[in-house]
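A look at the structure
So you can see what is in the structure, the chains are spelled out below.
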Amino acid sequence: MPDYAVLPAPSSNRVYTQAALDLVCAELTVLAGGALGGRLADFGRREFAGVDYVTFAADPLEPADARLLGYASAIYALFELTVDGLLRPVAVPSPDLYPSDLLTILKYQGKTNEQFTRLLLTTTAAATDRPGRLAERRMRVLDPVCGRGTTLNQAAMFGLDAVGIDLDRKDFDLYGPFLTTWLKDNRLKHRATTTPVRRDHAVLAKRYEATFARSREAHAAGDTQSVTFYLADTARAAELVRPGTVDMVVGDLPYGVRHGSQGTRGSARGPLELLDVALAGWVATLRRGGAMGLAWNTLVAPRRHLEGALTDAGLEVCTGPGYDDLAHRVDRTIRRDVVLARKP
Ligand SMILES: C[S@@+](CC[C@H](N)C(=O)[O-])C[C@H]1O[C@@H](n2cnc3c(N)ncnc32)[C@H](O)[C@@H]1O
């Protein structure tokens, strides 16, 4: 069984500092168990000529395996270790449909790091019952606390449909014009609208919706994707998003701190208070076999409380190697972790 070595993206060290290699290992372990069907094993760390790599064993990788590895957030390069101790490059195609500035142009306090957002999305996809649909670009993602849309943009990059909800008016007011301008600048055929959503003669939310295609040919063939953003309280998610229509709920919950790089945005609720009022609605939007991936600050809420809330809401929390190893320090006031769970 050949061994492979992953050279992590240099940005990992900046994003995760000391935990970088552990996190790359954990992400690949989760992806391997889901999308890659357990065909990759024995993840570990190894140094070659003073450079750190993550290594694993696998049957010779098929092109489809390499394609799935391309979804990982931190792969810079992949090598096969030859019998004479050399590193032979293996091509890893990128799944990104669009230029990376879709993710990097918007810069603001409280933005969830793009690389971490990708990790959250790919590990949640791996936790669903049909992880292969990620590479088929056939998943619908809901970020119920979407801020200024990092998850929406990452999902769009992968060719997925994305829905976001946030009650921060500034985030809503800035996101729509940003995406519409970006679509225009990139000459992508699109349609964008902002409309009120009414229920019982009252305005429940404001909705921005963009429908677009990655090429003229795709547009002509009706192969389009959409990004929708609701300005609303996420406690009303089930009134905005039809039940059972979402494959993944992915969110970086409010950190519940006043200091640090994330600040306190929107409502001042911490993660558990928000889950109390909103989790049932988020679960309702998920289809059976769909998965939820939530990031939160463990310094304000211990993992067992998050797991308890998800279990009480009827989800099956994923545990074991990889799933239990995603915690990392963000700054002095934030230690972030990820909980993944599936709707049975
Ligand atoms: C950590 S931030 C998410 C940042 C986002 N991932 C991004 O990169 O822009 C948490 C978000 O939760 C939102 N939020 C908090 N309470 C909410 C509620 N009740 N309804 C909707 N959004 C809420 C905040 O406005 C904030 O944007």
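All residue numbers refer to position in the chain's written sequence, counted from 1. Reporting in this predicted model follows two pLDDT cut-offs: at least 70 for local features of residues, and 80 or more for side-chain atom pairs to be given and counted; totals over whole chains, interfaces and linings ignore these cut-offs and use all residues. Values reported for side chains reflect all heavy atoms of the structure, with hydrogen atoms and water molecules removed beforehand.

Between N-to-C directions, angles span 0 to 180 degrees; the directions come from axes that are lines fitted to C-alpha atoms, helices contributing only their stretch in contact. A helix here means a DSSP run of H or I that spans at least four residues, while a strand means a run of E at least two residues long, and both kinds are numbered starting from the N terminus. Two numbers describe how helix H10 (residues 271–285) lies on helix H11 (residues 303–312): the axes approach to 11 Å, and their chain directions differ by 5 degrees. With respect to their mutual orientation, H10 and H11 come out roughly parallel. Where H10 approaches H11, its residues Leu272, Leu275 and Leu279 are matched on the opposing element by His305, Leu306, Ala309 and Leu310. In terms of residue class, the contact of H10 with H11 is made up of 6 nonpolar, 1 polar and no charged. For classification purposes, angles smaller than 35 degrees are called roughly parallel, those larger than 145 roughly antiparallel, those between 65 and 115 roughly perpendicular, and all remaining angles oblique. By the convention used here, residues are in contact when the closest approach between their heavy atoms is within 4.5 Å. Throughout this entry, Asp, Glu, Lys and Arg are counted as charged residues, while Ala, Val, Leu, Ile, Met, Phe, Trp, Tyr, Cys and Pro are counted as nonpolar. The remaining residues, Gly among them, count as polar.

Turning next to the site of the ligand. Summary of the distance rule: residues count as near a molecule or strand when at least one heavy atom falls within 4 Å of that molecule or strand. As a structural note, the neighbourhood of the ligand is formed by 26 residues, with Tyr108, Thr112, Thr150, Asp166 and Thr234 the closest of them. Under the rule applied, a polar contact is a pair of N or O atoms within 3.5 Å (in protein, one hydrogen donor and one hydrogen acceptor; residues adjacent in sequence only if both atoms are side-chain atoms). Arg148 is positioned with one of its backbone polar atoms (N or O) 2.9 Å from an oxygen atom of the ligand. Taken by itself the ligand offers 600 Å² of open surface, and the protein chains cover 99% of this. A class-by-class count of the residues in the shell around the ligand yields 9 nonpolar, 8 polar and 9 charged. Where accessible areas are quoted, they stem from the Shrake-Rupley method and a 1.4 Å probe; at the residue level, only the protein chains shown are allowed to cover.

Our next topic: unusual backbone geometry. Positive phi is not limited to glycine here, since Ala49 has a value of about 50 degrees. Any residue under 20% of the maximum accessible area for its type is buried, any over 50% is exposed, and the rest in between are partly exposed; the area is computed with a 1.4 Å probe on protein chains only. Judged by relative accessible area, Ala49 falls into the exposed class, the value being 83%. Even without being glycine, His201 reaches a positive phi, approximately 65 degrees. With respect to the secondary-structure elements, His201 resides in the loop between strand S8 (190–199) and strand S9 (202–212). Residue classification places His201 among the exposed positions, given a relative accessible area of 87%.

When two cysteine sulfur atoms lie within 2.5 Å, the pair is treated as a disulfide. Considering all chains together, one arrives at 0 disulfides under this definition. Looking at Cys25, it has no disulfide partner, and the nearest cysteine sulfur is the one in Cys318, 19 Å off. Taking the relative accessible area as the measure of exposure, Cys25 reaches 12% and is therefore buried.

None of this, on its own, says anything about what the molecule does.
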